[in-house]
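Residue-level structural notes
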Amino acid sequence: MKKSKFEIGTTLAILPFVLGGTLFFGVKLSNTYISLDKFSAVAFFLTSIVFVLAALSYTLILTLIIQAITLIGNFKNGFWPSTETLMKEVCAWLFVYWMIVWGLPFSVAMLVFLYASKYYNVFIACSIGIFISLPLMFLIKKNFPDIWKASKEFNPERKVGWKKGLVLTLILFEAASFYINTCYTFEVKLSSTEFEITDEIEIHAKMLGKVPNQNLLRVKMVAIKSGGIETQPQAFDDESNGNFVTWIDLNKITPGKYRVIIFLKDYDKESVYKKLFFWKNYHDFKKSFIIRIEEHMEAA
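Remember, it's a predicted structure, so these values are computed and weren't measured experimentally.

Before going further, it helps to examine the overall build of the protein. When its secondary structure is counted, the protein shows eight helices and nine strands. Here the protein, with 300 residues, has 38% of them falling under the buried criterion. Of the contacts made within the protein by residues no fewer than 6 positions apart, 74% connect residues no fewer than 24 positions apart. Just so you have it, the protein exposes about 18200 Å², and 64% of that area is on carbon and sulfur atoms.

Structure (structure tokens):
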């Protein structure tokens, strides 16, 4: 019993730091401009560290829940104690293997690959990345044998087999990806909500962090009381550093009440896989505003 209480206390002591790091770097990532045309080492670093910390956070939370069940139920043997041991080893494996043994060489390989891909084809850039990262992995194995040994001992495959170990890894991958896809900033501002037919609507948008495709940002207007008549989707102009702007000319618009909808270009004509991917990760990239358009009133 004392051992269980001590282990829960240890998990509780570690969890706030890991959660804090996950949230801290997640906010940093949400406020970082990621260009689709230019590689950013900062964005890559933030994405990588948030991914690992998010997976570790989920694992620690699950470990804490299992530890509490084991303690409250006073289980000595069976499913809960063995699962508790497994989850603690998974936590250690994530830290040692994902962040050190695999994480450091992979990060170096990806950085080199992304930089080299600007000058060479994919095959050559990938070969250069692997060639440069292998010596780093060799140095870790040679100079830190305990770390290399620990990465094998904590591998969940050793205890549950490669199939269940793969499933567990994929679950952690999906959980971390889910959090990564929430690390973005999407803000929209309209110049006003009351317009005359001689005016134009100025719309400003800000997209930072993990956004799928800034160039797919669109805006349209839908009449609220005119049978749902809507305008054709209109693209935004890229100002700079994640700021976008567009203007809607109201000269040919019938006065009335409209809903202005800002969204990412629909994937209606894409494959089922792309539709599912788009909905799962980015379905909430949508904002709307109610505006009123009136006739221009001449001064008496």
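Overall, the predicted model of the protein reaches an average pLDDT of 81, with 86% of residues at or above 70. The spread of mean pLDDT over the elements of the protein runs between helix α8 (residues 272–282), the lowest at 63, and strand β7 (residues 243–249), the highest at 93.

Compared with an ideal rise of 1.5 Å per residue, which puts 14 residues at 20 Å, helix α4 (residues 103–116) spans 20 Å between its outermost C-alpha atoms and is within 8% of the ideal. Among the residues making up α4, those that are buried are Gly103, Pro105, Ala109, Val112 and Ala116. In this structure, the buried side of α4 is in contact with α3 (79–101) and α5 (122–143).

Right, let's get into the pairing of strand β3 (residues 200–209). Taken together, the seven bridges between strand β1 (residues 184–190) and β3 define a ladder with antiparallel strand orientation. Directly across from Leu190, in β3, lies its bridge partner Ile203. Relative to β7, β3 runs antiparallel, the two being bridged by seven bridges. Counted as the bridge partner of Lys206 is Asn243 from β7.

Criteria and thresholds
- Residues numbered from 1 in each chain as written.
- Predicted model: local features only at pLDDT ≥ 70, side-chain atom pairs only at ≥ 80, totals over all residues.
- Heavy atoms only, no water.
- Helix = DSSP H or I, 4+ residues; strand = E, 2+ residues; numbered from the N terminus.
- Buried < 20%, exposed > 50% of the residue type's maximum accessible area, 1.4 Å probe, protein only.
- Contact = heavy atoms within 4.5 Å.
- Areas by Shrake-Rupley, 256 points an atom, 1.4 Å probe, with all protein chains shown as cover.
- pLDDT = per-residue confidence, 0-100.
- Expected span 1.5 Å × (residues − 1).
- Pairing = 2+ DSSP bridges.

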